[in-house]
Amino acid sequence: MKQGHFFMDIVEEILLMKRLIITAFAGFSFLWGYGQGLVVNGNFEDRNTCVEFLSGCAPEAWFRFPYVKLQPSNNARVAEGMHHESLVMEHRTKGIPGRTFLYTRLVCPTEPGKTYRFKVSVFTNGHAYDHLDLVLSKFEPQRNFSSILAGKTTSYRLALTRPSPYVNDWREASVVFKATGEERYLLLGNIAKQPMPFTRNYRFDDPLIIYDIDSVSLMPSDGKWQPCSGLAEEKKVLYLNNYRHSDFNYLDDEPLYVPDTVTAVVPPTPKVLPQPPPTPTINDTLLIPDVLFDFDKGTLNKQLLYRIDDIVQRIKKKKFRTIDVVGHTDDRGSITYNEQLSELRARSVADYLINHLPIDSELVTIRRMAASTPIAPNTTNEGRRRNRRVEIILIQ
C-alpha cells in the first residue's frame, strides 16, 4: 500500500507540474501579444479566414493589396513559429502595379520626438538583398496609395542590421527614426520608381522577386514601453474586421465590427457600436471615354489632352469635397487583365486631376471595377466602346 501511495504521489506531482507549465506558457503567450510593441501579430501566427474568399488569405491585423494569391515559398526556415508573409517586391514586366504591399494600423500612438526602432526578419529567396521600404502615414495606405508613391508620406529604407554570408538565410533589417506623433499606419513593400534588379543566378524565367518577412516589431529604441490604454480595443477592431483583405475595402470607411467565426477566442462585442458614416451625396458624374486613352493601355492620349482639360474646367465650376475616380472595361480579356487596365486608367485620370485641380491628393480615390458594371450590352462594338470608360464622381 505504501508503495502504491508513493506512486500516486509521484503522478500527482507530475500533473501539478504540468498545470504550472501550461499556466506559465499561457501567461507568456499573453505577454507576447504585446511584445512587438506598437504592432500586433508581428509574427503572423494568428490567422483569419477572410469573408470574401472563405480561405486563410492573410494574418490577423494585417492587410494586403492588391490581393494576389502567391504559391507558398520553399522557405522552411521561418524565423518564428509556423507562418511568415510574402511580398512581391518586383515584377519583371508590370513594375509597380505588379508589386504587393502589406500594412497594419498601429495599436498605440507614437510619442512626438521619441525615437523608435522598427525591425523585421527578411528572407530574399535567392536574390541579393536590395531594399525594403517602411512607410509611416496618418492615413490608410491602400486608399491613398498615389500619395505614398508621390512621396507625400514618411518613408525609410531598411538596412540589414543582422546580415549573413549566405543569400538564402533569414536576416534582420531595421531602421531607427524619430516620431512626429502622427504615425498611424505602417506599410511594408517596394515603393521605388526604379525597378529592383534581378540578381538570382538561376530560374531566369521567373518574373517575380519575392521577399519573405517575419518577426515585425516597432518599439521605443530604449526598450522602455508600456501598452497604452486603448491597445486591447484597437487589437479587437483589427482582428474582427474580416472584410478588409481585398481591394477597395478600407478600415476607415466602415468601422462596423464583423465577428470572426474562425478564431478560437472571439472578443466580446462592444456595448456601443460606432455609427456608419453618412451616405455621401454625389454632386455630378463625368465620363472619360475610351478614345481619350492610348489603345489598350492605361496612359492618356497626349493628342487629346485638350478634351480632358475641358473636363477639368467644368470640374472647377462645381462644388465638391472629394473625387472618386472609377475605371471600367468591357468583358473581353481575362479578369486579371481587365482589373489591371481599369486601375491603370483610373490612376492616370486621378494623377491628371491632382496636377491640374486645386485639390489635395488625399481627397482623390481610385477604384477598379473591370467589367463588373457595364452601362451597355457587351455584345456589340458600340456597347463595348461605351463600357470602356473612367467615371469621375464628384462627392459633396
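What counts as what
- Residues numbered from 1 in each chain as written.
- Predicted model: local features only at pLDDT ≥ 70, side-chain atom pairs only at ≥ 80, totals over all residues.
- Heavy atoms only, no water.
- Helix = DSSP H or I, 4+ residues; strand = E, 2+ residues; numbered from the N terminus.
- Buried < 20%, exposed > 50% of the residue type's maximum accessible area, 1.4 Å probe, protein only.
- Contact = heavy atoms within 4.5 Å.
- Areas by Shrake-Rupley, 256 points an atom, 1.4 Å probe, with all protein chains shown as cover.
- Expected span 1.5 Å × (residues − 1).
- Arc of directions from axis to C-beta.
- Phe/Tyr/Trp six-rings, centres within 6.5 Å; stacked < 30°, edge-to-face > 60°.
- Core = buried A, V, L, I, M, F, W, Y, C linked by side-chain atoms within 4.5 Å.
- Salt bridge = Lys/Arg side-chain N within 4 Å of Asp/Glu carboxyl O.
- Disulfide = S-S within 2.5 Å.
- Pairing = 2+ DSSP bridges.
- Axes fitted to C-alpha atoms, helices over the stretch in contact; angles between N-to-C directions.
- pLDDT = per-residue confidence, 0-100.

Peer 1: Would you take a moment to explain the overall build of the chain for this structure?
Peer 2: Counting secondary structure elements, the chain contains six helices and 16 strands. Taken across its 396 residues, the chain has 46% of its residues classed as buried. Here the contacts in the chain between residues at least 6 apart in sequence split such that 77% fall between residues at least 24 apart. A total of about 21,300 Å² of accessible surface is found on the chain, and carbon and sulfur atoms cover 57% of it.

Peer 1: Would you take a moment to explain helix H4 (residues 305-316) for this structure?
Peer 2: Each full turn of the α-helix corresponds to 3.6 residues, which orients residues three or four apart in the same direction. In a regular helix each residue adds 1.5 Å, so 12 residues correspond to 16 Å; H4 covers 17 Å between its end C-alpha atoms and thus fits that length. If you check which residues of H4 are buried, you get Ile308, Ile311, Val312 and Ile315. For H4, the arc enclosing every buried residue in end-on projection is 105°, short of the 170-degree limit, so these residues lie on one face.

Peer 1: Is there a simple way to explain the packing of aromatic side chains in this structure?
Peer 2: How two aromatic rings sit relative to each other is given by the distance of their centres and the angle of their planes. Scanning all chains against the criterion turns up 11 aromatic pairs. Note on Phe123 and Trp170: the rings are 5.6 Å apart at their centroids and 50° apart in plane angle, and the pair reads as tilted. Residue Phe123 is found in strand E6 (residues 115-123), and its partner Trp170 is found in the loop between strand E9 (159-162) and strand E10 (171-178); the two are separated by 47 residues along the sequence. One exposure class covers both Phe123 and Trp170, and it is buried. Every member of this aromatic cluster is reached through a ring pair, and the members are Phe63, Phe65, Phe101, Tyr103, Phe145 and Tyr185.

Peer 1: Help me out: how do you make sense of the nonpolar core in this one?
Peer 2: One broad trend across soluble globular proteins is that nonpolar side chains are buried collectively. Judged by nonpolar contacts, the single largest core of 49 residues is most densely connected at Phe118, Leu132, Leu158, Leu186 and Leu188. With five residues, the top contributor of residues to this core is strand E12 (residues 208-220). With 25 residues, the next largest nonpolar core counts Phe293, Ile315, Val349 and Leu353 among its residues.

Peer 1: Can you walk me through unusual backbone geometry in this structure?
Peer 2: The bulk of non-glycine residues show a negative phi, and the bulk of peptide bonds are trans. Phe65 connects to Pro66 through a cis peptide bond whose omega is -20°. Summarising the element assignment, Pro66 is placed in the loop between strand E3 (63-65) and strand E4 (85-91). Unlike most non-glycine residues, Asn125 shows phi in positive territory, near 55°. Secondary-structure assignment places Asn125 in the loop between E6 and strand E7 (133-137). For Asn125, a relative accessible area of 14% gives the class buried. Although it is not a glycine, Ser215 adopts a positive phi angle of roughly 55°. Its place among the elements puts Ser215 in strand E12. For Ser215, a relative accessible area of 15% gives the class buried.

Peer 1: I'm lost on the pattern of salt bridges in this one. Help?
Peer 2: Scanning the entire structure with this criterion turns up 17 salt bridges. Between Arg367 and Asp324 there is a salt bridge, and its shortest N-O distance comes to 2.8 Å. In this pair, Arg367 is assigned in strand E15 (residues 364-370) and Asp324 in strand E14 (residues 322-328), connecting sequence segments 43 residues apart. Its relative accessible area of 29% is what places Arg367 among the partly exposed residues. In this structure, the salt-bridge partner of Glu339 is Arg368, at a minimum N-O distance of 3.8 Å.

Peer 1: What's the story with the state of the cysteines in this structure? I'm lost.
Peer 2: Two cysteines joined by a covalent bond between their sulfur atoms form a disulfide. Counted according to the given criterion, the structure contains one disulfide. Cys108 shares a disulfide with Cys228; S-S distance 2.0 Å. Between Cys108 and Cys228 the sulfur-sulfur dihedral comes to about -90°; the bridge is accordingly left-handed. On the criterion of sequence distance, the pair formed by Cys108 in the loop between strand E5 (101-105) and E6 and Cys228 in the loop between E12 and helix H3 (231-240) is long-range, its members being 120 residues apart.

Peer 1: Sorry if this is basic, but what is going on with the sheet that holds E5 here?
Peer 2: Hydrogen bonds between backbone groups are what pair the strands of a sheet, and the pairing can be parallel or antiparallel. Pairing within the open sheet is antiparallel, and its five strands lie in the order E3-E5-E11-E7-E8. At either end of the open sheet lies a strand with only one pairing partner, and these are E3 and strand E8 (154-157). The sheet shows a mean angle of 20° between the axes of neighbouring strands, taken without regard to direction. Relative to strand E11 (residues 185-189), E7 runs antiparallel, the two being bridged by five bridges. Counterpart to Leu136 in the pairing with E11 is Leu186.

Peer 1: Is there a simple way to explain the confidence of the model for the chain in this structure?
Peer 2: One rule of thumb: low pLDDT means the predicted coordinates there are not for detailed reading. Taken over all residues, the pLDDT of the chain has a mean of 79, while the share at 70 or more is 74%. Every residue in residues 1-7 is under pLDDT 50, and counting partners more than four places away or in other chains gives zero contacts.

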